[in-house]
Every structure is written in structure tokens, then in C-alpha cells.
There are 2 protein chains.
Amino acid sequence: MFKQIIQTKGVSKMLFGIDTRNDDDWWIGVKAPDIRHLSKYESLMFQGNGYLGIRGALEERYLNEKRDMFVMGSFDKFQDEATELPNLPDIVNMEIQVDGKLLSLNHGIVTNYSRGLNLKNGEIVRSFDWQIEDIKLHFKFRRFVSMADCHLFVSKVEVTPLNRNIRLQIKSGIDGQQTNFGTQHFVESTKRLFNARFVQMQTHTQQSQVKFALTEYHRLFLDEEELSLNPHLEINRRQIFANYSVDLVKNQELVFIKYATVFSSTDKDLQKNVSEDSLIELKQVGRMDYQELLRQSSQVWDETIWNDCLVEISAHNNKPQIAVNFARYQLLANMPHDFGMNIGAKGMTGEGYKGHAFWDTEIFMLPFFMFNIPQFAQNLLIYRYLGLIGAKRKAHQGGYQGAQYPWEAAMPTDAESAPLWGNADIITGEPMKILSGSTEQHVTGDVAFGVTQYLKATNDQTFAKRMGYEIILQCAKFWASRITWNNEKNRYEITDVIGPDEYKEHASNDAFTNYMAHWCMKQGAEIISDLRQNDLRTYEKLNKKINLEKLFRSLILKSAMLYVPAPNADSVIPQDDDYLSYKKINIDKYKKTNKNFDIFKDFDLKQLDKLQVTKQADVLLLLLLFEDDFSKEVLDKNWDYYEPKTTHDSSLSFSSHAILANDLGLYNRAFDYFENSCQIDLGKNMDSSIMGLHMAGLAGVWKVVVEGFGGVRIDHDNLRIQPHIPKTWNYLRYSIIWQTKKLNILVTHRHFSIVADGRVKFIHQKRIYQLEPDERLTIEL
Amino acid sequence: MFKQIIQTKGVSKMLFGIDTRNDDDWWIGVKAPDIRHLSKYESLMFQGNGYLGIRGALEERYLNEKRDMFVMGSFDKFQDEATELPNLPDIVNMEIQVDGKLLSLNHGIVTNYSRGLNLKNGEIVRSFDWQIEDIKLHFKFRRFVSMADCHLFVSKVEVTPLNRNIRLQIKSGIDGQQTNFGTQHFVESTKRLFNARFVQMQTHTQQSQVKFALTEYHRLFLDEEELSLNPHLEINRRQIFANYSVDLVKNQELVFIKYATVFSSTDKDLQKNVSEDSLIELKQVGRMDYQELLRQSSQVWDETIWNDCLVEISAHNNKPQIAVNFARYQLLANMPHDFGMNIGAKGMTGEGYKGHAFWDTEIFMLPFFMFNIPQFAQNLLIYRYLGLIGAKRKAHQGGYQGAQYPWEAAMPTDAESAPLWGNADIITGEPMKILSGSTEQHVTGDVAFGVTQYLKATNDQTFAKRMGYEIILQCAKFWASRITWNNEKNRYEITDVIGPDEYKEHASNDAFTNYMAHWCMKQGAEIISDLRQNDLRTYEKLNKKINLEKLFRSLILKSAMLYVPAPNADSVIPQDDDYLSYKKINIDKYKKTNKNFDIFKDFDLKQLDKLQVTKQADVLLLLLLFEDDFSKEVLDKNWDYYEPKTTHDSSLSFSSHAILANDLGLYNRAFDYFENSCQIDLGKNMDSSIMGLHMAGLAGVWKVVVEGFGGVRIDHDNLRIQPHIPKTWNYLRYSIIWQTKKLNILVTHRHFSIVADGRVKFIHQKRIYQLEPDERLTIEL
């Protein structure tokens, strides 16, 4: 039912829980060691390239750290647990001893400390002076996960003794004693040395049998002169380390570089086998220096990402800009660069949600990718196409037809990956069943909705014909089999589901679900009708898989007779059959805290089930997604009704509220909700991100900026631009790609201007504008 | 081949690596916090009762700690790894916060620190004052594993704020994120609360399906008044914790007691099921106070152990006494109190050797138990009787007959539990094969030898007839099938084995192995002959399982024709066919260090295979075990030949050398070797015990004192007593049980006196003495 991780509501005024710089929009970090909040910073300083994901744990080990390294898509299932992304052996570790004294920020005196993540190229730089007893040293650590070579991680340390000669020992290697909070997914590995210099670990997952090879190579330079030094090998259970020992005289600088490669048997670029590929690759890159490899990686960030993805905010401070840079950095570092995989609710930034993907992808993350790097958006939808196998099985298991997408998705061929059991009930002491996997069904509408939005934004006919239509039709077929006939009321209904408001575990005619199902069936019917008239070849191809004629009749009939809750006399859409009859309570006090689930201190889930309290944007999200269908009055009335009743106990809630508030002219509220969005992970709640970042919340930051303040929306089949920026901002500049044309838009308080690299049509204030290539159009606001 | 753990050679002069007290022979501990050597102290301060074993990790967590809790006999096998004792969820943990500041010896100022283990009753007591910022507190921790109730662990904390009021938070629970150095043996557990107070975790091993329930109950007292306080529950993955929060005024004492029970589905005393039993038991003991439960446990230590197991040493300091107390404490804390289990080479004190038992049991540990608590010795041999199933399978797998005991034994029904692969070769980088499981075969003779020694010492006819003879006969049958005929030399031989000197991986006619095999076959023939004449009923019973007539003929023939290397012209017994032809080197420099395996810095295993260098007592151990068969001259000459060539790269080596040196009149050498024995674990080498204690080394300490200095030996079928104590000792007093009679012996430099509770015959200086009940006999030395 719930995603079981504490999330934050945030508090206003951009109080970040991590340091930033006034003169650098691309830096987050800490200016003093903070060992109490390791897990927060490990998540925030995540490094990844869509294949490899590494949490920002420090090189040296600390209690309560959570080292995680994941390879996208390498799911494994341990015994009866839900399948999850296995935590790989750690390659980041370095144990440094100075005259036998172990480097630790917990000991000695640390000065001039700084550690930061460069959001533009993903490099982490840490530097500090360390005094232990009578020894003073300067340390500088740098590292990155390469965006130019998905298998590559490079790390560099510079050490200079400042006041006397020392002996320095560095231990660096591969540590397979990591687990997923105690669960071990890997078999005991083969550990060995190649060419007296390359340490390698080979292992495989215990159930899914994905093979891995991790290889490390180290180079040492003393005053820029390379040392020819073979490591002293240390092999323990599930561990292999290379040990180096160097004598340094005062002011002499030692540079230590670690090159590491990670290969898996699921890699599409595999040449021979994981062990050889890993070694060959490492021998090649190991000849280049750190700076050159970083340059190659930065170039990919610039050329293929930042150049296509502009958001520039001029405001009274740079925190909004940093927030949207952070959001985009994380979305891109977690985005699979290949099809067949999806972004988990936490990406690869932590073990939360086990790497599983939810509706978060289509409803919250997809817009960012489809408007910026449509190829990535296509990858995500190909995952859903491959997922038809699992989704059909899930439908079949439930006695339904078509494709029912899993609430929690891991491998595309898996039917459902949601856990069945949650924690014990605090009152009875008994473990509680988690119902999401069985009854949180709207995801099947959401996937079809995402496909449709993508097709509108990109006009990607190839994808539509090869995969997109089939996804939508199979989803429609599911809904046609899922809805049930109510004899008394002479209509189809959808009973016993969980909608976006997960406080309600057995809702009937949940507005969001019914609208989605209704839209999906109608959309399916339209596609069939359209293909029959305009594209018989595709029609015939699909007809071999699905009886389209029969499906068409069923969709026309059932969509016409499915009950879709209309606004009542007060213009309020009832959230479900019973919601409006429940008791109302004042929830202001829960909304004021920056901790989630505070309401559970006073009510348990059974009680919340019978109160007019909503967990997150529900009817309001429906209104936002289907805004074309509703009048301003309905929007206003429902905002007034539901907003005060919403606790925002989900990171998905703020961004929708921010955009809707901006639409409704509630500009201060919109900005407050924008700030809340930014602070889900970046904010002062130090517990909010320990299990990983909220990827949909991050996508929400971009959404509020571009869809909200920037005013970008898909209106029927058209692009609509209706911007309004916050009063503290001077201007907002952003780019989007609309149907293969790149648009650059500048918004100020007085006007907005737009230029595109092709002919583009868009709507503003209900008027249609035609833009010629490279023509700049400026419109007064 | 090798047991892959670093062991120590120790250095002389009783330089303990742990503090002791001059006025307390039963205390070891530390007088200041030492976080660098956690693993050493965790092993030394092990607590156990033969069922439950818990390493002495501190309550609060530290980096590099190794929390281990084992239940005897609950082996599990993860994937392709060797079967091992799984590390259970931790019940020792306590996280304490004072006004939000986490208790850690790494922070604040710690004064008056003391932590010690009471060797008499297994209680650990730790007390200190802690100042953090402006807060001063006094802490006292106490805990024990009950010897009166094998399922019970009790822990108590007293906290007093010394200078102001504070808020104290205590988190205590069950943490299943523990692993065996990264390997997880348990499935994700069920975690729940009973009666709002009892936290329970249920889980089971992933392969062997052993079920466990661990339950905790907490009581709090403020100024001796019990607080009625339900915990705030915290449930994470594989974790359940109870949180308590109490306000303390200055000088007020809070007492926090944790009661924990552990039940497994293999328990022979199980009533209903692990969950209910665990809860019922806890509800019962939870009514008693800490002191009363400790008293019950101490009483069992006293009445059933210490009263039967006297060793009193009067010397110029109490370190020898502490060493032998420590050794006996650990032997008893690790001794299974039930049959069907064995003591691992590390007992339950660490993950080294995976809980597996070796020849260490019969050759080194068994004498301590059979001379002190014969019932325990019988338990160990019943394990071998049950092990006939696995041993027969192992013989069968190798193409042999009878029973071939595994080199590494886990479950008695397992054939062989030795790992097949070791670490990578440092030179080639390739993983190396471990041959011990296939070729270290003498263990099958050692088991039969142990049974015979036990039968002589106890005259336990019931065991002999029901199990003992069958073990020996099956071992003899194995040897008869194992030896091979050499046509050229017209004799049986044993080729390609590893003897005690594990540097030699392919020895032929290894003296130790051939003697053992020869003795075993002769012993088998004698048993058959004896039974046929004196006990036809047992003969017939055994004859149904083994064709005794056929076996008898085979044993007589083959023992007569098996080549047994005799002393050569120089009275030296060749260690194997080739040893004496190998090159000699001087190994003094390796013997002087207190690190093991130093010789591997200069030679690899292939080179050592061709050098006259011996890892541990080999021919010398043979001479000690079969001393009746050899002249003083042979003993002298072989000592002179082999002792200088022995590196003592095994903890099994020192004690045999000490006893033999004492026999040979080399009293200073004997004492040096005794000191080395004591320092294997207690010594200054802080790395020596991190994977657990050396149980056979500890047994060796007792052996040197009682068999060496005390002079106790089995001479053919008789007890022989030939004492000689070290010159720095005033006297030695000890007890043994000989054939059900308890003997008390006092040894001084001038004489020894002996008294028994029954009629006893013994040999001294080749003369037979008859002792009447309660008669004290004093013999001049």
C-alpha cells in the first residue's frame, strides 16, 4: 500500500540541508565534516551514468554509512523477499594510514574541509587538512562515474605531508561484504590478480544468475614521477585489496589513481565475457590520466545533455537554479541509456523501493525526458512494451484480460514485484498485508496515458506503430475486463481499489481510477478506429495479436457505460463513492511539521480510511492531467475542497499542487509548493533521503518550473504555453523539444519570447500562433 | 590444506595482550577503552554455554566490530560455499542517547574505564564515567549467557547522570542485518510485538531450514521503582527495536534490564514451537531479577564444572593460573552439553573455520574433557558415532570401505565440509585448490585413537559396546581399503597424503599417518579377537553390520604388512619417504618473530614442499602419542632432529613440544613452550584471535599443565603419573577422573601426593602403586 519510506513535507524558504555557493549554480556540498548525516549526503551526492550508480559514501569507512553500487536492471530475488537491485561489491573504498594511523574524520583535527558534487559533470571533490598527533597533511580526493564509458569509475587522491616525512599506506580494492541491509545477493566470488597489478572479483547473483566482473588498477605518482610498484595483495572472504606503501618527504605530493571497471553479463556491448572485457577495458583506460578521462565524461554531459536541456532562472538568489540543476542531474544520472530498463522510484540512489519503478515514471518523470531527450523517454516506454509479457501474466493471474501493469515493476517480464507483507501493526503486533500490488490498479491507465503524451509530444509514428498502440490497446483491454456491472444502477463500476490517496484501501469508483480507465478505453477505441481508416497495415499487424473488432465493440460500449464521477452540485468531484460522507477533521497541525506521517500519531490506517483526509494530490491530480475537460470553476472548487484536506504524505503531491495553484492564479501558494518540492531531498529534513532520492519529486521540480511557471502543457494535441513566473524571479529561460523541433523560451514578468529551429504551432491564451524557423516571437503578458 | 587463519607463535615471558589483576585469578579485561583491537577482545571475552555462543562485542556499535552469535549445530550452506555456523541476528545491541548525543567511546571524555570477563561465571562487567559536552554520567554494563538455562541471555545497564538532569533514550532490539562476513544465511524474518512488551523475530536458515525465534523483554527501574513503560517500536528491514525514553534528575539511577531468549527448531527440549517456547520462557525468567538469574548460572558453573575440574598453580605470579583458567573457561563455554555436536576449531568464538571440527577434538581437546567431565567427552564421541553415516559416504565416494572421517566436520551426516578452493596464488594470481579434504586422511586414525583413549580413561563399557568399537572397526576397515600394495618392495604403503606437517602436500609413507593406520588396524583386530572370546553378544551385534571374520583376516594381514617407518641408523624416524633427502635451511629467523607464516615471505608452498622444514609437531607428536613404543634415545634424537626444523606455524604445535620437552628433561624449553601455548590467544599478537580462539591451543594449555608438568599419561592401559613442575612454581594442584574415581594430586619440587575417592592403581617410575579410598600417598621426587 504505502511506499514504506519516510518522506518529507519540507518547510518553506529554501532552507537547504546541504551547503551551496552563491557564485556557483552547479555545486552542492558540505563545508565541514558531518558524520551524523552520512546517509543524507550519500544520497544527495549520488554519481551515476544510467548504467552504474554509486552512492556518495566517503572513501574511508564510517559507522552507519550505506555504501551502495547498483547496475541498472540486474535484479535478483533472495528467497521469499521481493526482487531487488542487488548491492554490488564496493569499489570506492580506500583505507589510508599515515605512520600507522588510520585516516578518519572522527580523529585528529580537520581543517579547511570542503566536499562537493559538481552537478554539471558529476565529479565529487573533497579536500581538507588533517592533523593527527604531530603530523599535518593535505588531502584532496576526486572521483567520477564516467558518462562517456558506462563501465568506468575513476578516483584520485593527492596527499602531501606538510610538516615532516611520513610513511603512507593505501589499501584499495573490492569489498564484497556489502549487502542490501543484510540480504546477500551474490555468491562468494573468485578473487584474483592479473599481470601482478590488476585485481579482479568475479561473482554472480544467486537467483537471477547475472554474472559480474569488477576490476581495479592503481597508479601512483610521486612528484609527478610514476612509481613502478606492485601491490601487496590481501584476500579475505568476499574481499580483495591491493596494499601500497610509500615514504613521502615533507611537501612531497603523492598522487594515487584508482581505475575501476564493472561489467555484467546483461551488458548489450559485451564482447567476450565479463572478466576479459573488464580487464581489456581497464588496460586501455588505465593509460589515460584522470583529467583526460574526466574531460571525456564532461563532454558527454555537455554535448548530449546540457545543450539539450536548458533551464535558466534569474532570481534574488540561486537556490531555485541549484534545485532544478540538482533535479536534472539526478534524473540524468539515473536514466537508463538503453531500453529494457526503467527508473526506480529512488533510481539507483539507495535501497528504498528495491529499485522498483511505479506510476512515478509515466506521470511524473516522463515529461522531463520527452521534452528534453525524447530518445530516453522512448527507452522508458520500450521497457513497458517489453513489460507486456509480465503485465499480461498479471492480468491473467487476476482473472482479467489484456495487460495489467504491476504496481511495482522490476524486470519487465515480472508480473508483480510489490512485497506482500509489511511491518507489524503497532497496536496488535501482527504483520500487516500490503495491498498495493493487488489493488493499486490505476497504474495500468497511467502507463497508457504516458504513451499517449509521448506520442503527442514527439509525433514518434514509428514507436506508435511498433509498440505504442499495442501498449494502449492491451491496457484498454484490461480495463474492459476489469470493470464490473452494477445491475441496480445500470452502469459499469470499479470497486475495491486504492487510488492515489493511499489512505483509502478499499475505495469504490475512485474518481482518478475511473477517469483513467474511461480515458484509456476511449483512447483504445479511437486508435482502432483511426488505424482502420488510415493505416491498415498496422491494423492488420495488431489484429493478429488482438481481435480488434471485438475489442472495439467492447471498448465503445463499456467506456460509454462506465460510471465517471461528475462534479456534484457544489462542483466538487467526489474522490470515491464514500469520501464525501466521511467525517471532516482539521489537519493543519500535521501540515505544519516537516515530518511525514505525523497524522499516524493520532490515527491508524483503519481510522484514516473513514476520514476526509487525503494523502496526496488525487482528484486534483486528475484535474491537472485532464484539465482540458474541466472548467475553471470546477478547478477552483475542487482546489478549495481538497487542498486543505491533503497531508502531502507523498513526495508526489507538491509539484501537482504547485502547477495547479499557478494555473489558478494562486501565485504565492504556487511558489510555496515549489519550494516544498525543492526541499523533498535538498531540504533540512536529514532523514528524508536516507534510503535514496525521490526521483518523481525531482522530476516535479522541473515540472513546476517548465510546466508550471513556464506554462508548457499539451492541450488536446497541441502545445500550449501560458507562463507566469514567481514575483521574486527576474526571468526564466528554458528549452523544450516539441515534435522534433527545439524551442527556446524566455519568460519575464512582462512578456515571453520564443524561438524554434523549425516551424512550430502553439497556443497561448486560446490563440494559435505559428512560428517560423529561427523567428523570435515576443508576446506580452 | 592450511587452516587459512593467521595464528601466532607467541613470544615468551607471559606478555599478555589483555589486562589481568594480581589479586584475581579469574579476571581478564581492559582498563582503558581500546577500539583498535575490538576483534581480539570480542574473541577473548566470548560468552557461551555450549548451546548459545556470543562474541564479546560492546553493546553500542563500532566500525570494524564483529558481532557474532551462534547456536551450536545449526549449520547452513549458502550456494557453493562450505557449510558453516550461521551468524544469528544480534541481541546484544543497545543504542544509548543522552540528550540526543549518542554514547560512543570515540567521543567525549571517558574516565575510570574498566571492562572484564569473570572466568568463573562468564559475566562481563563494564563501568566508566562519560563526559560529553557539559554532561557527566556514570555507566555500568553487566551481562551473561546463562549456564543454567541454555536459551537465556541477560544484560543490565545502570546509568546515573552526575551533574544535571538529562533525557535518556535507549534503543535495544534484534538486528538481523548481521552476516557471516557478507554471507546471509537467514531469510527475511517475521518481526512482531507480543503483549505490547515482547519483541520477537522469527526466521529460518535458507538452506538447512532451521527455524529460530529470538525474543526480548525489557524492564526499567528508576531509583529501584519499576517503570511501567511500553516501548516505541521501530521496525526496519531485518531489524526490530524497542525504544525507551526516560527523564533522569541528577544522581538518579536508571536500571535497564534486557532479557533475551533464543530457541531453534533443533532444540531437543522444544515443547511447542520456537516462537511460543521463546515467549513462554521469557515471560517466566523476566519475573526474576538479574542477580538471581546470574546466581543460578554461577551455581551451575561451580557445581557441575569447577568442582570437578581443579587446577591450582602457585607461582611467582598468577599468569599461569589465569591462562589455565581462561583455557578451561573457554573449553567449557564452547562445549556442547548435548550429543550430536562437536567443538569447532574455533568453537563458537568466531567465524574462523566456519564452526568446523577437525582432528583437534580427539587429539587435543578430548583429554581435558575425559579427565574432568567424562560425560562431555562421551558427547563428543557420540557425535563421531552419528558421523559414521557421513564418514561411510566419504569413504564410498573415494572408492574406499568402512568409515573415512571428514577433515572438516560440520553436521555429523555430512561427508566432507572442507572448502575446495582457497585464495589466489600471490605469484600466478590464480585461485589455489585446497587438498586437505581429500588427502589429510590421518583424522580417521585420530578419531579411533580418541575413542580408545576415552575407553581406557573411563572404562565406559556401555559406550564401547554400543558405539566405540563400531567406530574403531569402521576406521580400521577404511585403512585396510586405503593402503596400497607395492610390488617392488613387497609391502603395503600409504601414498600421497598430507600429514600434520601441512607444508608437504603429497607425502608418501608419512610416518604419522602410517603409524596411525597401523595402530588402528591392529586395534581393530584386537577388538574383534577380544569380543569373540569375551562378549559374543556384542560380537554378533557388530557382525550384523560388518563381516567381522573377513575384516579380522584383512586387518591381521594388512597391519602386519604395512610399512611403518622405523628409526634409521641415527635413530631418526623419517617424516616421509623423501623428507630426509630434502635440502636443510636455517629457520631461526622465522621462529623468532611472533607472526605466523613469515617463512612464506621467502618461500612459496611448492618450495617448502622440498625443504626439511616442518610446520608443526609431526614425528614428535607421533612419538608423544605412542611414547610407550619408543626408547628415550629415539625421543632424544628425533627431538634434536625435528625441533629446530619446526616453524610452529600451527597453534597445535607448542603444547606437544612443551610436554615432550618436559619428558626429556628439557625443563627450560618446556616452560618456554608452555608460555608460547598460553600466548596463542592471550598474547600480545593482536591479530591472532580476530577470527576466534584456538580451542586446541587452549586445550593444549591444560595438557601442558596436567599431562606435562602434572605428568598424567595413559601407559598402555594404566594411569601413569610422573610430574615435574617448572622451577618458578611453588606447587601445582589438580584433579582428574580416572575410571570414575576422582583423584586429587599435589605436586611440589620435592614430592607429590595423591588422594582418590576410590581404589586406584597408578604407575610412577615404572612402579605400580595401589591407592585405597581417601588414602593420601606422598611420593618423593
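Here, residues in each chain are numbered from 1, in the same order as that chain's written sequence. Lettering for chains starts from A, numbering for ligands starts from 1, and both go in the order in which the items are written. In view of the model being predicted, local features appear only for residues whose pLDDT reaches at least 70, and side-chain atom pairs are presented and counted only at 80 or more, with totals across whole chains, interfaces and linings using the full set of residues. Water and hydrogen atoms were dropped before computing side-chain values, which therefore reflect all heavy atoms in the structure.

1. Describing the interface of chain A and chain B
How we decide: Here, two residues are considered to be in contact whenever any of their heavy atoms come within 4.5 Å of each other. Buried area is a sum: the accessible area each of two parts loses on coming together, probed at 1.4 Å, counted once for each and added. We define a salt bridge as a side-chain nitrogen of Lys or Arg found within 4 Å of a carboxyl oxygen belonging to Asp or Glu. Here a polar contact is recorded for every N or O atom pair within 3.5 Å, except that within protein the pair must consist of a potential hydrogen donor and a potential acceptor, and residues adjacent in sequence are included only if both atoms are side-chain atoms. Here a helix means four or more residues in a row that DSSP labels H or I, a strand means two or more in a row labelled E, and each is numbered from the N terminus. Three classes are used, and their members are as follows: Ala, Val, Leu, Ile, Met, Phe, Trp, Tyr, Cys and Pro are nonpolar, Asp, Glu, Lys and Arg are charged, and the others, Gly among them, are polar.
The interface is formed by 38 residues belonging to chain A together with 38 residues belonging to chain B. Summing the contributions of chain A and of chain B, the shared interface buries around 3200 Å²; its carbon and sulfur component is 51%. Where chain A meets chain B, there are 6 salt bridges. One can count 14 residue pairs in polar contact (both at pLDDT 80 or more) joining chain A with chain B. When residues of the side of chain A that touches chain B are traced back to their parent elements, those giving at least two are strand S13 (190-194), strand S17 (232-236) and strand S21 (421-424) of chain A. Across the side of chain A that touches chain B, the residue classes tally to 12 nonpolar, 15 polar and 11 charged.

2. A few points about the environment of Glu772 of chain B
All names here are of chain B. For clarity, the cut-off: In this scheme, a residue with accessible area under 20% of its type's maximum is buried, one over 50% is exposed, and one in between is partly exposed, where area comes from a 1.4 Å probe on protein chains only.
Following the sequence through the fold, Glu772 ends up in the loop between strand S31 (767-771) and strand S32 (776-780). By relative accessible area, Glu772 is classed as partly exposed at 33%. Distance from Glu772 to Asn490, taken between C-alpha atoms, is 53 Å for residues 282 residues apart in sequence. Apart from residues lying up to four places away in sequence, Glu772 is in contact with Ala756, Gly758 and Arg759.

3. Considering the UniProt feature "domain: Glycoside hydrolase family 65 C-terminal" (unreviewed entry) in chain A
Threshold: UniProt positions are given in the numbering used here, feature names are shortened, and annotations may be inferred rather than shown by experiment.
Sites flagged by UniProt as "domain: Glycoside hydrolase family 65 C-terminal" (unreviewed entry) map to residues 713-756 of chain A. Note that residues 713-756 of chain A is 0% helix and 68% strand, and that its end C-alpha atoms are spaced 17 Å apart.

4. A short note on the packing of helix H11 (residues 511-534) of chain B against helix H12 (residues 536-545) of chain B
All names here are of chain B. How we decide: Fitting a line to C-alpha atoms yields each axis, with helices limited to the stretch in contact; the angle taken between N-to-C directions then spans 0 to 180 degrees. For classification purposes, an angle smaller than 35 degrees is called roughly parallel, one larger than 145 roughly antiparallel, one from 65 to 115 roughly perpendicular, and anything else oblique.
Relative orientation of the contacting elements H11 and H12 amounts to 125°, with a least axis distance of 6 Å. Accordingly, the angle class assigned to the pair H11 and H12 is oblique. Residue-level contacts link Ile528, Leu531, Arg532 and Asn534 of H11 to Leu536, Thr538, Tyr539 and Leu542 of H12. Its residues assigned to classes, the contact of H11 with H12 shows 5 nonpolar, 2 polar and 1 charged.

5. Quick look at the packing of aromatic side chains
Stated precisely, the cut-off is as follows: Here a Phe, Tyr or Trp ring, Trp counted by its six-membered ring, pairs with any other such ring whose centre lies within 6.5 Å, and the pair is stacked when the planes are under 30 degrees apart, edge-to-face when over 60, and tilted otherwise. Two conditions define a charge located above a ring, namely a distance within 6 Å from the ring centre to NZ of Lys or CZ of Arg, and an angle within 35 degrees of the ring normal.
Taken as a whole, this structure holds 86 aromatic pairs over all chains when the rule is applied. Ring geometry for Trp359 of chain A and Phe512 of chain A: centres 5.8 Å apart, planes at 80°, overall edge-to-face. Remark: Phe512 of chain A occurs in helix H11 (residues 511-534) and Trp359 of chain A occurs in the loop between helix H4 (319-333) and helix H5 (360-372); sequence separation between them is 153 residues. With a centroid separation of 6.1 Å and an interplanar angle of 40°, the aromatic rings of Phe654 of chain B and Tyr673 of chain B are classed as tilted. With Phe654 of chain B in helix H18 (residues 653-663) and Tyr673 of chain B in helix H19 (residues 667-682), this pair connects stretches of sequence that are 19 residues apart. Feature note: the residues Tyr353, Phe358, Trp359, Phe364, Trp407 and Phe512 of chain A constitute an aromatic cluster, connected by ring pairs. Of note, Lys66 of chain B hangs over the ring of Phe181 of chain B, and the distance from its end group to the ring centre comes to 5.1 Å.

6. Brief notes about H5 of chain A
All names here are of chain A. For the record, the criterion: Multiplying one less than the number of residues by 1.5 Å gives the expected span of a helix. Bend at a given residue is defined as the angle between two axes, one fitted to the seven residues that end at that position and one fitted to the seven that begin there.
Taking 1.5 Å per residue as the helical rise, H5 with its 13 residues ought to reach 18 Å, and the 18 Å between its terminal C-alpha atoms agrees with that figure. Taken as a whole, H5 carries its principal kink of about 55° at Leu366; the proline Pro367 stands between one and four residues after it. Of all the 13 residues making up H5, 13 are buried; the element is thus mostly covered by neighbouring parts of the structure.

7. Quick look at the nonpolar core
The condition is simple: For this analysis, a nonpolar core means a set of buried residues of the types Ala, Val, Leu, Ile, Met, Phe, Trp, Tyr and Cys, connected via side-chain atoms within 4.5 Å.
Phe139 and Phe369 of chain B are the most contacted members of the largest nonpolar core, which has 227 residues in total. Once residues lying within four places of it in the same chain are set aside, the contact partners of Phe369 of chain B are Leu331, Leu332, Met335, Ile343, Pro374, Phe376, Ala377 and Leu380 of chain B. With 226 residues, the next largest nonpolar core counts Ala377, Ala480, Leu635 and Leu732 of chain A among its residues.

8. Describing the environment of Glu362 of chain A
Residue and element names in this part refer to chain A. Relative to the assigned elements, Glu362 resides in helix H5. Sequence separation between Glu362 and Gly398 is 36 residues; the distance between their C-alpha atoms is 23 Å. Apart from the residues within four sequence positions on either side, Glu362 is in contact with Pro367, Leu381, Arg384, Asp446, Val447 and Gly450. Side chain to side chain, Glu362 and Arg384 meet in a polar contact 2.7 Å long.

9. Structural notes on the domain arrangement of chain A
Residues and elements named next belong to chain A. For clarity, the threshold we go by: For the domain bounds, the source is a domain assignment made automatically or taken from a database.
Taken domain by domain, chain A holds domain 1 (25-300), domain 2 (317-710) and domain 3 (711-781). Computed over C-alpha atoms, the centres of domain 2 and domain 3 are 27 Å apart. On the domain 3 side, the residues contacting the 26 residues of domain 2 number 25 residues. Counting the surface lost from both domain 2 and domain 3, the interface buries some 2100 Å², and carbon and sulfur atoms represent 55% of this. The largest contributions to the domain 2 side of the interface with domain 3 come from Phe371, Lys456 and Phe709, which together make up 28% of the buried area. There are 4 salt bridges connecting domain 2 and domain 3. Notably, a salt bridge pairs Arg713 with Glu627, separated by 3.0 Å at the nearest N-O pair. Sort the elements by how many residues they give to the side of domain 2 that touches domain 3 and helix H20 (residues 695-709) lands first, with 5 residues.

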